[in-house]
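Examination of the molecular architecture
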Amino acid sequence: IVRRQSNRFGCLARGEMDIRDHSWFSAIQTEKLLNKKIEAPWIPQIKDPLDSSYFDSYSHLENESSGNKPRLSSQQQELFSGF
């Protein structure tokens, strides 16, 4: 893991070519992938376009009371004025 974004893999002088040429991705045929010519290894069976049954449920977070969440100080809140 590299903290500075400008030093991260894919953000260097060769851009995405550093990623494409990396040995971990050697089995992937990039041109076929970009042209959508690679068959998906698994296609989920969905009921309708809004079916989200294959995603984790986060409903417990929606029902969580705001009392557990830390409050912003007035100084922190001021940073967001105008949003």
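Just above, that's the structure.
Here's a quick rundown of the structure. In this numbering scheme, every chain counts its residues from 1 along its sequence in written order. Confidence filtering applies because this is a predicted model: local features only for residues at pLDDT of at least 70, side-chain atom pairs given and counted only at 80 or more, and all residues used for totals across whole chains, interfaces and linings. Calculated side-chain values reflect all of the structure's heavy atoms, with hydrogen atoms and water omitted.

Regarding the pattern of salt bridges
Short version of the rule: By salt bridge we mean one thing: a side-chain nitrogen of Lys or Arg within 4 Å of a carboxyl oxygen of Asp or Glu. For every residue, the accessible area obtained with a 1.4 Å probe (protein chains only) is divided by the maximum for its type, and the residue is called buried under 20%, exposed over 50%, and partly exposed between those limits. Elements are defined by DSSP. Helices are runs of H or I of four residues or more, strands are runs of E of two residues or more, and each kind is numbered from the N terminus.
Scanning all chains against the criterion turns up 3 salt bridges. For Arg 14, the salt bridge is made with Asp 18, and the minimal N-O distance between the two is 3.1 Å. For Arg 14, a relative accessible area of 44% corresponds to the partly exposed category. Arg 20 is paired through a salt bridge with Glu 31; the nearest N and O atoms lie 3.9 Å apart. With Arg 20 in helix H1 (residues 16-20) and Glu 31 in helix H2 (residues 30-34), this residue pair connects regions lying 11 residues apart in the sequence.

As for the side chain of Asp 18
The condition is simple: The contact criterion used throughout is that any non-hydrogen atoms of two residues lie within 4.5 Å.
Turning to its location among the elements, Asp 18 is positioned in helix H1. On the basis of relative accessibility, which here comes to 14%, the residue Asp 18 falls in the buried class. Ignoring sequence-local partners within four residues, the contact set of Asp 18 consists of Phe 9 and Leu 12.

With respect to a nonpolar patch on the surface
Spelled out, the test is: Residues enter patches when their relative accessible area tops 30% and they take part in no salt bridge; the joining distance is 9 Å for like charges and 5 Å for the nonpolar side chains Val, Leu, Ile, Met, Phe, Trp and Tyr. Using a 1.4 Å probe, the Shrake-Rupley method yields the accessible areas, and only the shown protein chains count as cover for residues.
On the surface, Trp 42, Ile 46, Tyr 54 and Phe 55 cluster together into a nonpolar patch covering about 530 Å² of accessible area. Counting through the fold element by element, Trp 42 comes out in the loop between H2 and helix H3 (59-62). Taking the relative accessible area as the measure of exposure, Trp 42 reaches 57% and is therefore exposed.

Some remarks on the packing of aromatic side chains
What characterises a pair of aromatic rings is the spacing of the ring centres plus the angle enclosed by the ring planes. Inclusion rule: Side-chain rings of Phe, Tyr and Trp (the six-membered ring for Trp) are treated as a pair once their centres are within 6.5 Å; stacked means planes under 30 degrees apart, edge-to-face means over 60, and tilted covers the remaining angles.
A complete count under the given rule lists 3 aromatic pairs for this structure. Between Trp 42 and Tyr 54, the ring centres sit 5.3 Å apart and the planes meet at 75 degrees, which makes this aromatic pair edge-to-face. One end of the pair, Trp 42, is in the loop between H2 and H3; the other, Tyr 54, is in the loop between H2 and H3, with 12 residues separating them in the sequence. Under the relative-accessibility criterion, Tyr 54 is labelled partly exposed at 47%.

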